[in-house]
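Commentary on secondary and tertiary structure
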Amino acid sequence: MVTMKSVQTGAVGTIDTVDVERPVAGPKDVLVRIRACGICGTDVTFLHMGGMPSRAHLGGEVVPVPLGHEPAGELVEVGAEVTGLKVGDRVVVNPQDAPTGIIGCGGRYGGMSEYLLVENAVPGRSVAVFPDTVPFDVAALNEPMAVARHAVNRSGAAPGDKVVVFGAGPIGLGAAIWLKLRGVEHVVVADVIPSRLETALAVGADAVLNPAEEDVTARLTELHGEAANALGQPRAGTDIYIDAAGAPAVFTATVNSAKWHARLVMVAVQKKSDAIDLGGMLRSELTLIASQGYPTEIFEVTPELVEHHERFARLISHRVPFAAAGHAFELAMTPGAAEKVVVTFDEQSP
């Protein structure tokens, strides 16, 4: 049996790097040699749980989860019935198009492995090819940037809008990039970590604010002008609020600042809170829009990621070799220690 190394959840808060059987591509499949794989907040959630309940709705036994749903690599095997793909193609992967379960999120396979089997491979649906002008670590941002793109699409942002993005992690910064690429007039990024605000300016945000040091409403009014809510009370002229932070304070700041008919897009995983001011939402007729995943965006983003790859590369704070995967996950689990961690794989021959 030919084996490979794969990362899965271990005891609570830890990973295990295990030897598993290396998959073989069937007639309809491709085998990807992984060159880079990002770490996401979802991976961290699995680590905190020590895996995934085998029957979540029944509270079943927690079982290990193969990790990694942000992979990029090159094809080393292509099934005889696969068309439009060839050995040597550099690809990003749609983790949700897997018949054996979402890659890295409870499915049979995880992208934080030396090799990944993509079943029933179809270009443009399960994988997309990208050129060698783009480093593998930047290509691995394709999946989270699709999440960010969907949030921007859900917002309906137009060039004349004024937008604030709360949370300067990868999703928030990705949203800021997409907003500017679609010509949005003014984009503000809010975060409490100064280094993240510096990155926000570097990727194209028009302004930043630190809610720990500044009054959000006053700062947004300064940047976006003064407007009013449905009762005529003064509010900031911000049209769209994007929550990529998931903190209850973001809802409070938004409701306190929102003008009549402002929109709030919720893309971050939310922390439970009983402090949402529904009356304040009513007074602004604030529209709450939820944004989940990427129904159509997974490969819509790829051409622009390729074109603007140097800008997106700024989102990566740490590149860690696969041999030190444990350290990579420790960084990702430590609040404030890293922005975006990408695990890289060596270039040796298979």
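Just so you know, these numbers come straight off a predicted model, no measurement behind them. (Residues numbered from 1 in each chain as written. Predicted model: local features only at pLDDT ≥ 70, side-chain atom pairs only at ≥ 80, totals over all residues. Heavy atoms only, no water.)

Below, the discussion takes up the sheet that holds strand 16 (residues 263–266). Sheet architecture is open: 6 strands sit in the order 12-11-10-15-16-17, paired in parallel fashion. This sheet does not close on itself; its edge strands, each paired only once, are strand 12 (207–209) and strand 17 (287–290). Going from strand to strand, the sheet's axes swing by 20° on average, the running direction of each strand aside. Across 3 bridges, the pairing between strand 11 (residues 186–190) and strand 12 is parallel. Opposite Ala190, over in strand 12, you have Leu209 as the bridge partner. (Pairing = 2+ DSSP bridges. Helix = DSSP H or I, 4+ residues; strand = E, 2+ residues; numbered from the N terminus. Axes fitted to C-alpha atoms, helices over the stretch in contact; angles between N-to-C directions.)

With that settled, consider the packing of helix 1 (residues 41–49) against helix 11 (residues 325–333). Running from N to C, helix 1 and helix 11 point in directions that differ by 95°, and their axes come no closer than 10 Å. On the basis of their axis angle, the class for helix 1 and helix 11 is roughly perpendicular. Judged by residue contacts, Asp43, Val44, Leu47 and His48 of helix 1 engage Phe329, Ala332 and Met333 from helix 11. Its residues assigned to classes, the contact of helix 1 with helix 11 comprises 5 nonpolar, 1 polar and 1 charged. (Parallel < 35°, antiparallel > 145°, perpendicular 65-115°, else oblique. Contact = heavy atoms within 4.5 Å. Nonpolar A, V, L, I, M, F, W, Y, C, P; charged D, E, K, R; others polar.)

Position of Lys86 relative to the elements: it lies in the loop between strand 6 (71–78) and strand 7 (90–93). For the pair Lys86 and Ala268, spaced 182 residues apart in sequence, the C-alpha to C-alpha distance is 37 Å. Setting aside residues no more than four positions away along its own chain, Lys86 makes contact with Leu75 and Val78. One polar contact links Lys86 to Asp89, side chain to side chain, over a distance of 2.8 Å. (Polar contact = N/O pair within 3.5 Å; in protein donor to acceptor, adjacent residues only side chain to side chain.)

A separate point is unusual backbone geometry. The phi dihedral of Asn120 is positive, around 50°, even though this residue is not glycine. For Asn120, the position within the fold is in the loop between strand 8 (115–118) and strand 9 (127–129). A residue is classified by how much of its surface remains accessible, and Asn120, at 37% relative accessible area, is partly exposed. (Buried < 20%, exposed > 50% of the residue type's maximum accessible area, 1.4 Å probe, protein only.)

Counting buried positions over the 9 residues of strand 3 (residues 30–38) gives 9, a clear majority of the element. In this structure, strand 3 lies alongside strand 6, joined through 7 bridges in antiparallel fashion. Residue pairing across strands places Arg33 opposite Glu74, the latter belonging to strand 6. Inspection of the sheet shows strand 3 paired to strand 8 by 4 bridges, in the antiparallel sense. Along strand 8, the bridge assignment pairs Val32 with Leu116. In this sheet, strand 19 (residues 341–344) lies alongside strand 3 in antiparallel orientation, the contact comprising 3 bridges. What sits directly across from Gly38, in strand 19, is Val342.

Once that is clear, we can look at helix 1. By the burial criterion, the buried members of helix 1 are Asp43, Val44, Phe46 and Leu47. In an axial view of helix 1, the angular spread of the buried residues amounts to 160°, which keeps them on one side of the axis. For helix 1, the secondary structure elements touched by its buried residues are strand 1 (3–9), strand 2 (15–21), strand 3, strand 4 (52–53) and helix 11. With its phi angle positive at about 75°, Gly50 sits one or two positions after the end of helix 1. (Arc of directions from axis to C-beta.)

For the rest of this paragraph, the subject is the pattern of salt bridges. This model, assessed by the stated rule, comprises 15 salt bridges. Where Asp89 meets Lys86, a salt bridge forms, and the shortest distance between an N and an O atom there is 2.8 Å. Judged by relative accessible area, Asp89 falls into the buried class, the value being 9%. Here Asp137 makes a salt bridge to Arg319, at a shortest N to O gap of 2.4 Å. One end of the pair, Asp137, is in helix 2 (residues 136–139); the other, Arg319, is in strand 18 (residues 318–321), with 182 residues separating them in the sequence. What makes Arg319 partly exposed here is its relative accessible area of 43%. One continuous salt-bridge network, built from bridges that share partners, spans Glu214, Arg219 and Glu222. (Salt bridge = Lys/Arg side-chain N within 4 Å of Asp/Glu carboxyl O.)

Core analysis: the largest hydrophobic core is formed by 50 residues, its most contacted members being Leu179, Val189, Ile242 and Phe312. Those elements that place two or more of their residues in this core are helix 2, helix 3 (142–155), strand 10 (162–166), helix 4 (170–181), strand 11, helix 5 (194–202) and strand 15 (240–243). Apart from the residues within four sequence positions on either side, Val189 is in contact with Val165, Ala168, Ala176, Leu197, Ala200, Ala205, Ala207, Val208 and Leu209. Judged by nonpolar contacts, the second largest core, of 39 residues, contains Val65, Leu75, Val91 and Leu117. (Core = buried A, V, L, I, M, F, W, Y, C linked by side-chain atoms within 4.5 Å.)

Okay, the environment of His224 next. Here His224 shows up in helix 6 (residues 216–224). On the accessibility criterion, His224 (6% relative accessible area) is buried. A sequence separation of 14 residues divides His224 from Thr238, and the C-alpha atoms of the two residues are 5.7 Å apart. In contact with His224, other than residues within four places in its own chain, are Lys162, Val163, His186, Val188, Gly237 and Thr238. Side chain to side chain, His224 and His186 meet in a polar contact 2.9 Å long. Looking at His224, its side chain comes within polar contact range of the side chain of Thr238, at 2.8 Å.

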